[in-house]
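Spelled out from the first residue to the last, the chains are:
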Amino acid sequence: MELRPYQWEVIMPALEGKNVIIWLPTGTGKTRAAAYVAKRHLETVDGAKVVVLVNRVHLVTQHGEEFSRMLDGRWSMTTLSGVMGSRAGFGHVARHHDLLICTAELLQMALTSTEEEEHVELTAFSLIVVDECHHTHKDTVYNVILSRYLEHKLQKVRPLPQVLGLTASPGTGGASKLDGAIDHILQLCANLDTWRIMSPENYRPQLEEHSPKPCKQYDLCQRRVQDPFGDLIKKLMDQIHDHLEMPKLNRNFGTPMYEQQVVELSQTAAEKGCQEQRVYALHLRRYNDALLIHDTVRAVDALAALQDFYDRERVSKTQILHAERWLLALFDAHRNELTRLAAHGPENPKLKMLEQILLEKFGSPSNPRGIVFTRTRQSARSLLLWLQQQSDLQKANIRAQVLIGAGNNSNQSTHMTQRDQQDVIRQFRVGAMNLLVATSVAEEGLDIAQCNVVVRYGLLTNEISMVQARGRARADQSVYSFVATEGSRELRRELTNEALEALMEQAVAAIQKMDQAEYQAKIRDLQHEALIKRAVRAEQRESRRQQFPAEHVRLLCINCMVAVGYGSDLRKVEGTHHVNVNPNFSIYYTVSRDPVAIHRAFKDWKPGGTISCRNCGEGWGLQIIYKSATLPVLKVRSMLLETPQGRIQTKQWSKVPFPVADFNFVQHCAQNLQDLSLN
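Conventions and cut-offs
- Residues numbered from 1 in each chain as written.
- Predicted model: local features only at pLDDT ≥ 70, side-chain atom pairs only at ≥ 80, totals over all residues.
- Heavy atoms only, no water.
- Helix = DSSP H or I, 4+ residues; strand = E, 2+ residues; numbered from the N terminus.
- Rg over C-alpha atoms; globule rule 2.2 N^0.38 Å.
- Buried < 20%, exposed > 50% of the residue type's maximum accessible area, 1.4 Å probe, protein only.
- Contact = heavy atoms within 4.5 Å.
- Areas by Shrake-Rupley, 256 points an atom, 1.4 Å probe, with all protein chains shown as cover.
- Pairing = 2+ DSSP bridges.
- Axes fitted to C-alpha atoms, helices over the stretch in contact; angles between N-to-C directions.
- Phe/Tyr/Trp six-rings, centres within 6.5 Å; stacked < 30°, edge-to-face > 60°.
- Right-handed = clockwise from strand over helix to strand, strands pointing away.
- Core = buried A, V, L, I, M, F, W, Y, C linked by side-chain atoms within 4.5 Å.
- Parallel < 35°, antiparallel > 145°, perpendicular 65-115°, else oblique.
- Left-handed = near helix turned anticlockwise from the far one by under 90°.
- Nonpolar A, V, L, I, M, F, W, Y, C, P; charged D, E, K, R; others polar.
- Salt bridge = Lys/Arg side-chain N within 4 Å of Asp/Glu carboxyl O.
- Disulfide = S-S within 2.5 Å.

**Here we look at the overall build of the chain**
1) Next: Per the secondary structure count, the chain includes 21 helices and 24 strands.
2) Next: Radius of gyration (C-alpha) of the chain: 27 Å, near the 26 Å computed for a compact globule of 679 residues.
3) Next: Overall, the C-alpha framework of the chain stretches about 70 × 70 × 45 Å when taken along its three principal axes.
4) Next: Taking all 679 residues of the chain together, the buried fraction comes to 52%.
5) Next: The long-range fraction of contacts in the chain, counting pairs at least 24 apart against all pairs at least 6 apart in sequence, stands at 71%.
6) Next: About 30700 Å² of surface is accessible on the chain, with carbon and sulfur atoms providing 49% of the total.

**Describing the sheet that holds strand β9 (residues 370–373)**
1) Next: With respect to topology, six strands assemble into an open sheet ordered β8-β13-β12-β9-β11-β10, the strand pairing being parallel. Two strands close off the open sheet at either side, each with one partner strand: β8 (215–221) and β10 (400–403). Across the sheet, the axes of successive neighbouring strands diverge by a mean angle of 20°, strand direction being ignored.
2) Next: By the bridge criterion, four bridges tie β9 to strand β12 (residues 453–457) in an arrangement that is parallel. Note on β12: the bridge partner recorded for F373 is R456.
3) Next: Sheet strands touched by helix α14 (residues 349–362): β8, β9, β11 (435–438), β12 and β13 (479–485). Its angle to β13, the strand with the most contacts, is close to 165°.

**Re the packing of aromatic side chains**
Working definition: an aromatic ring pair is given by the centre-to-centre distance plus the angle between the planes.
1) Next: Considering all chains together, one arrives at 12 aromatic pairs under this definition.
2) Next: For the pair Y218 and F482, a centre-to-centre distance of 6.0 Å together with 65° between the ring planes defines the contact as edge-to-face. A residue pair is termed long-range when its members are at least 10 positions apart, and Y218 in strand β8 and F482 in strand β13 qualify at 264 residues.
3) Next: With relative accessibility at 28%, the residue Y218 sits in the partly exposed group.
4) Next: Classification of F482 as buried rests on a relative accessible area of 0%.
5) Next: Their ring planes at 80° and their centres at 6.3 Å tell us that Y626 and F665 sit as a pair that is edge-to-face. Here F665 lies in helix α21 (residues 665–678) and Y626 lies in strand β20 (residues 619–626), a separation of 39 residues in the sequence.

**A look at the pairing of β13**
1) Next: Along β13, seven of the seven residues are buried, which leaves the element largely enclosed by surrounding structure.
2) Next: Residues V479, S481, V483 and T485 line one face of β13 and the alternating positions Y480, F482 and A484 line the opposite face, and both faces are buried.
3) Next: Two elements, β8 and β13, share seven bridges in a ladder whose sense is parallel. Residue pairing in the sheet places Q217 in a bridge with S481 of β13.
4) Next: For β12 and β13, the ladder comprises five bridges, and the chain directions are parallel. If you follow R456 over to β13, its bridge partner there is F482.
5) Next: In this fold, β12 hands off to helix α18 (residues 463–470), which returns the chain to β13; that crossover is right-handed.

**Focus on the nonpolar core**
1) Next: Core analysis: the largest hydrophobic core is formed by 82 residues, its most contacted members being F229, Y287, L358 and L403.
2) Next: Setting aside chain neighbours within four positions, we find Y287 in contact with I233, L236, M237, I240, L306, Y310 and F331.
3) Next: Core analysis: the second largest hydrophobic core is formed by 47 residues, I21, M504, V508 and I523 among them.

**A word on the packing of helix α5 (residues 104–112) against helix α6 (residues 141–154)**
1) Next: In the contact formed by α5 and α6, the axes pass within 9 Å of each other and the chain directions differ by 40°. One finds that α5 runs oblique with respect to α6. Crossing of α5 over α6 shows left-handed handedness. Here α5 contributes A104, E105, L107, Q108, L111 and T112 to the contact with α6, which in turn contributes V141, Y142, V144, I145 and R148.
2) Next: Of the residues that constitute the contact of α5 with α6, the class distribution is seven nonpolar, two polar and two charged.

**A look at the pattern of salt bridges**
1) Next: In the structure shown here, the tally under the stated rule is 36 salt bridges.
2) Next: In this structure, R545 engages E542 in a salt bridge whose closest nitrogen and oxygen atoms are separated by 2.9 Å. In this pair, R545 and E542 are both assigned in helix α20 (residues 516–545), three residues apart and thus about one turn of the helix distant.
3) Next: By relative accessible area, R545 is classed as partly exposed at 27%.

**Examining the side chain of N288**
1) Next: Considering the arrangement of structural elements, one finds N288 in helix α11 (residues 275–296).
2) Next: Looking at N288, the relative accessible area reads 0%, which means it is buried.
3) Next: Setting aside its immediate chain neighbours within four residues, N288 contacts M237, F253, G254, T255, Y258 and E259.

**A short note on the state of the cysteines**
1) Next: According to the stated counting rule, one finds zero disulfides in the structure shown.
2) Next: With no disulfide of its own, C102 has C133 as its nearest cysteine by sulfur position, at a separation of 16 Å.
3) Next: Among the residues examined, C102 registers a relative accessible area of 0% and is labelled buried.
4) Next: Here C451 is not cross-linked by a disulfide; its sulfur's nearest cysteine counterpart is in C215, at 15 Å.

**Observations regarding the packing of helix α7 (residues 178–191) against helix α19 (residues 489–512)**
1) Next: Contact geometry of α7 with α19 gives a least axis separation of 9 Å together with a crossing angle of 65°. The two elements α7 and α19 cross, and the hand of that crossing is right-handed. Contacts from L178, A181, I182, I185 and L186 of α7 reach α19 at L503, M504, Q506, A507, V508, A510 and I511.
2) Next: The residue inventory of the contact of α7 with α19, partitioned by class, reads 11 nonpolar, one polar and no charged.

**Things to note about the side chain of H577**
1) Next: Tracing the chain through its elements places H577 in strand β17 (residues 577–580).
2) Next: For H577, a relative accessible area of 18% puts it in the buried group.
3) Next: Not counting residues within four places of it along the chain, the set of residues in contact with H577 comprises R571, K572, W605 and V633.

Written out as structure tokens, the structure is:
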């Protein structure tokens, strides 16, 4: 399989064993170039073993096809991802194959596993290929893995694997000035231990021949002249604010900033024991969500989301506070008017604009294929429903499906399984589907050569997302449309992104021109600094975990605030799932009749039913059957922690202020047998 001249140019140092980042535009063959480097590495390095890391499950299969063509059956290759269900241990698979393609999470789990069949050392590999390597920063899984590499380097562990990074968009790291962008990209280079960022210099004209950018168009519309549905929602939110009696709260309804405000209010209310204030904040967030949905799609979609919330409140809650009763009555009193306004209100101008774009592109005989990017899973599903209900779009033979994140909750309406994702991508690739309505899950790496229409629908993102989404338009004479309201924050951000993309290019060029000795000195300093910072953060985390003895921290239901256990009742299963092992804990919760539907198999556990507070009905998590033990897994957000210094709520179990021991299956079974014999 022949490479193009510009691909040869960027891989030459990698063929010599140097660590490089290949920086090429989307669609110009980064993966093919990396596959050739892997092939030559396997041919020339004794005992070579290659691992290719990706950050999306669907890219495992896609990269597997590209690498398989390049290797031509001469070496043993396998692909691994969570979607593949039961399998041999990672370490076992690594020992018996020359090349692995896997999600970074799987490698990280194997690096930290204590099981012989699962565990692998980073030094077992002689080449690590990092796809979409711009994610190697802060506490991402890529950076956790590469931090281990840097520790080995500074401890003079040898031999170290070669590292090859691939990206179309190093980004600017939020910097708006050249110096800040240079610092960001230097840090990326340090994290990947990069000798040089490679992009074509001698063969740039040939690169440009093979990377035609889609024609960009700004499709702007006016705001709704009248918005009776939105006005009524805001009126109801005003009434809730008046009940709250907190005049300092801003009423900038329908914005992400307002959402952040009420999220913080619900947390502080829970920590202070103000149940009713917390309830008001939770309901205000739902009304704000409705306004955001209304701005993106239709009033009927916004109302459906609100209706679904209140229906679930009625069904799930077994204890209703005075505030909840008032809020339910408020919604019920205005439900009919909201329904009437949703059905007969003015059309969303952005939807009208989207319809015009799709009719123009899909009304042609050129067999178009496109992707509409939107912000949330909810808006993706609402847009699909709208598409299916537009007769003119159906006449244009638009065959659409959503492509959204796999997620990890039990609400099957809001996420797709990884198998579903793979199936939708396959249908889109072969043309059975010709339009995807997607969230950011489809931004990176999705390679469909026939895709010639990309629409970013009212998105507020950074320059990396813009570059990546634009890169999905691979066919000649492609169109990239940005749909937004005139004068909106989204439009201003998109214009800023264009400037930041140019700044990113300037920053890379400046780094490439640096004196090599100066560059290497900066990289060494940044690596030392990064490891020191990581060690300090690890020490702070450990200090926080040891802040209180686990038996001194009570667990309270976040909703009704009834005490249901202690921190000492908790154990970690596989380092992730936090379970309550106290046999008396079962008196505090109920279990749904049907198990949670998760359409993938796990090595040692399977899901049981959802669990809810027996006192108030608040959802707490789910049961899992781990080996043969049935255990309740708790969501951290469902628990309020009562410490000797007051109540707190945390967003992650890793940030609780007490130690949680690992679950010991043998000890648990022995304890249960002892309890049975005593009874």
